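# Structure assessment
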Amino acid sequence: MSTNTTELAISPELWKQGKSPLLDSWLLYRNPLYVSLILVAYLAFVLYLGPKFMEKREPYNLKIILILCNVVKVLYNLYVLKQMNNKSMTFKQQCV
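Residues numbered from 1 in each chain as written. Predicted model: local features only at pLDDT ≥ 70, side-chain atom pairs only at ≥ 80, totals over all residues. Heavy atoms only, no water.

What follows concerns the overall build of the protein. Each helix and strand counted, the protein has five helices and zero strands in total. Secondary structure of the protein in N-to-C order comes out as α-α-α-α-α. A total of 96 residues make up the protein; the buried ones form 6% of that total. With the model as given, the accessible surface of the protein reaches about 9400 Å², and the carbon-plus-sulfur share is 67%. (Helix = DSSP H or I, 4+ residues; strand = E, 2+ residues; numbered from the N terminus. Buried < 20%, exposed > 50% of the residue type's maximum accessible area, 1.4 Å probe, protein only. Areas by Shrake-Rupley, 256 points an atom, 1.4 Å probe, with all protein chains shown as cover.)

Written as structure tokens, this is what we have:
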């Protein structure tokens, strides 16, 4: 089903329902409990479990991993830029 974004924004039926059918298929938009659980787990790890785990350990050396990650990001962005500059590629501004 292909729906134009403007149709979703101005459709009176959607305003009456209070939700968009486009977002019904997205897991984290179905119920606020999912996002709340993720937030609580994140805060528990960052504020309590993480510091407890690293209490008697030396910090990890992540310099090489971060450099590799950044190189991969740069290469991927160059690939996307190349694809965008391709004359045969067309972009449509609508939801699919």
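With that settled, consider a nonpolar patch on the surface. Judged by side-chain polarity, Leu39, Tyr42, Leu43, Phe45, Val46, Leu47, Tyr48 and Leu49 come together as a nonpolar surface patch covering roughly 850 Å² of accessible area. Relative to the helices and strands, Leu43 resides in helix 4 (residues 32-53). (Patch = residues over 30% accessible without salt bridge, like charges linked within 9 Å, V, L, I, M, F, W, Y side chains within 5 Å. Salt bridge = Lys/Arg side-chain N within 4 Å of Asp/Glu carboxyl O.)

With 22 residues, helix 4 extends 30 Å between its outermost C-alpha atoms, agreeing within 8% with the 32 Å of an ideal straight helix rising 1.5 Å per residue. At Phe45, helix 4 shows its strongest bend, of approximately 45 degrees. (Expected span 1.5 Å × (residues − 1). Bend = angle between axes of the 7 residues up to and from the residue.)

So, on to the confidence of the model for the protein. One rule of thumb: low pLDDT means the predicted coordinates there are not for detailed reading. Residues of the protein with pLDDT of at least 70 account for 69%, and the chain-wide mean is 80. Per-element mean pLDDT across the protein ranges from 55 in helix 1 (residues 5-10) up to 94 in helix 4. (pLDDT = per-residue confidence, 0-100.)

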